[in-house]
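Here are the chains, one letter per residue:
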Amino acid sequence: MIRQVSPRFRSYAVLGVVALIGGLASGRPELVAVSAPFILLVGLGLMRTFDLSPVIESRFDRDRAVEGEDVHLHITITSRAVRSLEVSCDLPTGLSIAPDQEDPAIAVVGENRVAIRHGGGKVDLDVRLSCDRWGAYRPAWIRLRSRQGLTQFVHVGVFPVDLELRVYPRTEMLRRLFQPVETQLGFGDLVSRRKGEGLEFADLRPFSPGDDPRRINWRVSATGRGVWINDRHPERNSDVVLLVDTLASARRGVGVVLDLAVRAAAAIAAGHLGRHDRVGLISFGEPIRWLQAGMGDVQRYRILDTLMESHVRWQLLWRGVRVVPPGALPAKALVVGLTPLLDDRVIEAFGELRGRGFDVIVIEIPPEPFLPNAEKPPDRMARRIWKLEREATRSRFTRHGIAVVQWDPSEPLQQALVDAQSYRRSCLRARA
């Protein structure tokens, strides 16, 4: 730790020296008597100052949490006897020290500082932190500040830490999910449009050699028109690929838009994984990141961990979806885009995916509530032109069979999913 001179020490030294020199120069003993206490305090402070030589150990009680929960940061400090000690932790935005601590020896003195009284030896701190926002947090250092020698010297030390805490967003429970046009061969909760072995009745057909006799419909066969069997719809699963737009084109309010996109992606992934679907992820940012489609709780935590690393950055080198391997975009997959539709590169990517034959749904997060108000006439005219361009983009998507649904953040995400399904049903009727 580095020893620093406190402002009080400077004041004592200046007052003592000035009073002593003034008393000796003027021959007034009362000034010399006034300087004596200050010189005595300076001398006592120099005599009682020593090195603390602390040792810091820190850990979280768990490495994963959910928004709104509290986690405990355990800090162990081993040092010599000190009078008081202030502990500061480099807490990124999204984590904060809870104002009410369980340990009565801990006093909160700032957003990321606590003060304790330490009598020397080994002390264990249990600091309660509040998880205010989702994200992957890595505190970089812990700072100690101690006053020694009648508070005339301050010892300051910075100790690096290697900790990581992942805070997952609170997800909305979705009762109705997307129904893809094509299903996969895996077993799941979706009723396939094709016919095969299953539980859902599909149709009747005449018996053919090789059919299972257990599928014979005896009631219909008893009418004397031959032997008939039941055809059924098999229960299959689907492949869903979430495409999250993290390109930095929203200017002001982009953090809020990204926050909404991550929350929606987490909710949709949890719902489809609970339905035994395979879910993958593509993050459009710097660089493009992807996860191959998978199932189960392990895939859910993989998706959440990848979403926690989402940041808004400028992307200068852009190669589109061509760099995404085929395994990340399986055939017959349903691509669900979460984007504010502000970047032309993302719009072209959706068109390219639709051209490849993928079933594409775009959930648009309107950025208008997060943009500054247009007060001047030129700004209002530019805003109107910008809105017309966005409307033209939606119309172009509709002509190519891409469902575009505007999600109002003030409404539940479930409403956007219901609107998307209604649009898709109307498109299927029109094609039929």
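Whatever comes next refers back to the structure up there.
Read on for an overview of the structure. (Residues numbered from 1 in each chain as written. Predicted model: local features only at pLDDT ≥ 70, side-chain atom pairs only at ≥ 80, totals over all residues. Heavy atoms only, no water.)

For the rest of this paragraph, the subject is the pairing of strand E23 (residues 403–406). Side chains Ala-403 and Val-405 project from E23 onto a buried face, and the interleaved Val-404 and Gln-406 project onto a face without burial. Note that strand E22 (residues 359–364) and E23 share four bridges and pair parallel. Its bridge partner lying in E23, Ile-361 is registered against Ala-403. (Buried < 20%, exposed > 50% of the residue type's maximum accessible area, 1.4 Å probe, protein only. Helix = DSSP H or I, 4+ residues; strand = E, 2+ residues; numbered from the N terminus. Pairing = 2+ DSSP bridges.)

Summed over all chains, the structure comprises two aromatic pairs. Geometrically, the ring pair formed by Tyr-168 and Tyr-301 is tilted, given 5.9 Å between the ring centres and 50 degrees between the ring planes. With Tyr-168 in strand E13 (residues 165–168) and Tyr-301 in helix H5 (residues 296–308), this pair connects stretches of sequence that are 133 residues apart. Here Tyr-301 falls in the partly exposed class, since its relative accessible area comes to 40%. Here Phe-350 and Phe-397 contribute two aromatic rings whose centre-to-centre distance is 6.2 Å and whose plane-to-plane angle is 85 degrees, an arrangement assigned as edge-to-face. With Phe-350 in helix H6 (residues 344–355) and Phe-397 in helix H7 (residues 377–399), this residue pair connects regions lying 47 residues apart in the sequence. Residue placement shows Arg-133 over the ring face of Trp-134; its charged tip is 4.4 Å from the ring centre. Lying across the ring of Trp-141, Arg-143 places its NZ or CZ 5.1 Å from the centre. (Phe/Tyr/Trp six-rings, centres within 6.5 Å; stacked < 30°, edge-to-face > 60°. Lys NZ or Arg CZ within 6 Å of the ring centre and 35° of its normal.)

The bulk of non-glycine residues show a negative phi, and the bulk of peptide bonds are trans. The phi angle at His-276 is positive, at roughly 65 degrees, despite the residue not being glycine. Classification of His-276 as partly exposed rests on a relative accessible area of 36%. In this structure, Lys-332 takes a positive phi of about 65 degrees despite not being glycine. In this fold, Lys-332 is placed in the loop between H5 and strand E21 (334–339). Overall, Lys-332 belongs to the partly exposed group, its relative accessible area being 45%.

Taking 1.5 Å per residue, 23 residues should reach 33 Å; H7 reaches 33 Å between its end C-alpha atoms and fits that length. Of all the positions in H7, only Arg-390, Thr-393, Arg-394 and Phe-397 are classed as buried. In the core, the buried residues of H7 are packed alongside H6, E22 and E23. (Expected span 1.5 Å × (residues − 1). Contact = heavy atoms within 4.5 Å.)

Counting 41 residues, the largest nonpolar core has Phe-178, Leu-242, Ile-268, Leu-307 and Leu-413 as the members making the most contacts within it. Taken together, the elements giving at least two residues each to this core come down to strand E18 (239–245), helix H4 (254–274), strand E19 (278–284), H5, E21, E22, E23 and helix H8 (413–431). In terms of residue count, H4 provides more of this core than any other element does, 12 residues in total. (Core = buried A, V, L, I, M, F, W, Y, C linked by side-chain atoms within 4.5 Å.)

Attention shifts here to H5. Helical geometry note: an α-helix holds 3.6 residues per turn, so side chains three or four residues apart project in the same direction. Between its first and last C-alpha atoms H5 spans 19 Å; for 13 residues at 1.5 Å apiece the expected length is 18 Å, and the two agree. Those residues of H5 that sit buried are Gln-299, Ile-303, Leu-304, Asp-305, Thr-306, Leu-307 and Met-308.

Along the chain, Thr-78 turns up in strand E4 (residues 70–79). Taking relative accessible area as the criterion, Thr-78 reaches 33% and is therefore assigned partly exposed. Distance in space between the C-alpha atoms of Thr-78 and Ile-56 is 6.8 Å, their sequence separation being 22 residues.

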